[in-house]
Amino acid sequence: MAECEFTQVCSIFAQFGPEGLDNFFIRAYCTTGGQKCKRKALYLEGKGPDEVPATLLPNGMQWSTPG
Ligand code: SF4
């Protein structure tokens with residue numbers, strides 16, 4: 001399956017992409033089309049990269065960054 005088409009604009013992909021398949025989200029969403037990704041759903045609704053919360057994880061949970 002193809003990689004999600006929003007990898008170039010997605011901050012979660014920017015954060016976790018370097019981990020590649022070692023990262024659950026990259027493996028379960030980004031490299032397999034992201035059909036169930038909550039972030040992708042917002043992009044497809046027309047939201048821009050600045051409108052999709054950086055803390056929204058692909059599974060819909062909130063990501064709390066340390067600090
Ligand atoms: S987190 Fe979602 S929107 Fe972002 S690149 Fe991965 S599948 Fe696409």
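The structure presented is a predicted model; accordingly, all values stated were derived computationally and were not measured. (Residues numbered from 1 in each chain as written. Predicted model: local features only at pLDDT ≥ 70, side-chain atom pairs only at ≥ 80, totals over all residues.)

This next bit is on the overall build of the chain. For the chain, the helix and strand inventory stands at three helices and zero strands. Traced from its N-terminal end to its C-terminal end, the chain shows the element sequence α-α-α. Taking 2.2 N^0.38 as the reference for a compact globule, 67 residues should give roughly 11 Å; the C-alpha atoms of the chain span a radius of gyration of 11 Å, in line with that estimate. Reported as C-alpha extents along the three principal axes, the dimensions of the chain are approximately 30 × 25 × 20 Å. Taking all 67 residues of the chain together, the buried fraction comes to 22%. (Helix = DSSP H or I, 4+ residues; strand = E, 2+ residues; numbered from the N terminus. Rg over C-alpha atoms; globule rule 2.2 N^0.38 Å. Buried ≥ 20, exposed ≤ 12 C-beta atoms within 10 Å, placed from the backbone.)

The biggest cluster of nonpolar side chains holds 10 residues, and these are Cys4, Cys10, Ile12, Phe13, Phe16, Phe25, Ile26, Tyr29, Cys30 and Cys37. Taken together, the elements giving at least two residues each to this core come down to helix H1 (11-16) and helix H2 (24-28). Sort the elements by how many residues they give to this core and H1 lands first, with three residues. Those residues in contact with Ile26, other than ones at most four positions away along the chain, are Phe16, Gly17, Glu19, Gly20, Leu21 and Thr31. (Core = buried A, V, L, I, M, F, W, Y, C linked by C-beta atoms within 7 Å. Contact = placed C-beta atoms within 7 Å.)

With that settled, consider the site of the ligand. Looking at the ligand, there are 14 residues lining it, with Cys4, Cys10, Cys30, Gly34 and Cys37 nearest. Only H1 and helix H3 (38-44) provide two or more residues apiece to the shell around the ligand. No other element matches the three residues that H3 contributes to the shell around the ligand. Among the residues making up the shell around the ligand, the classes are represented as 10 nonpolar, two polar and two charged. (Near = placed C-beta within 6 Å. Nonpolar A, V, L, I, M, F, W, Y, C, P; charged D, E, K, R; others polar.)

Assignment of secondary structure puts Arg39 in helix H3. Distance in space between the C-alpha atoms of Arg39 and Ser64 is 16 Å, their sequence separation being 25 residues.

In this section: the environment of Cys30. Take Cys30: it is sitting in the loop between H2 and H3. Put simply, Cys30 and Ile12 are 18 residues apart on the chain and 9.6 Å apart in space, counted from C-alpha to C-alpha. Leave out the neighbours within four places in its chain, and Cys30 touches Glu3, Cys4, Thr7, Phe13 and Phe25.

Keep in mind these values describe shape, not function.
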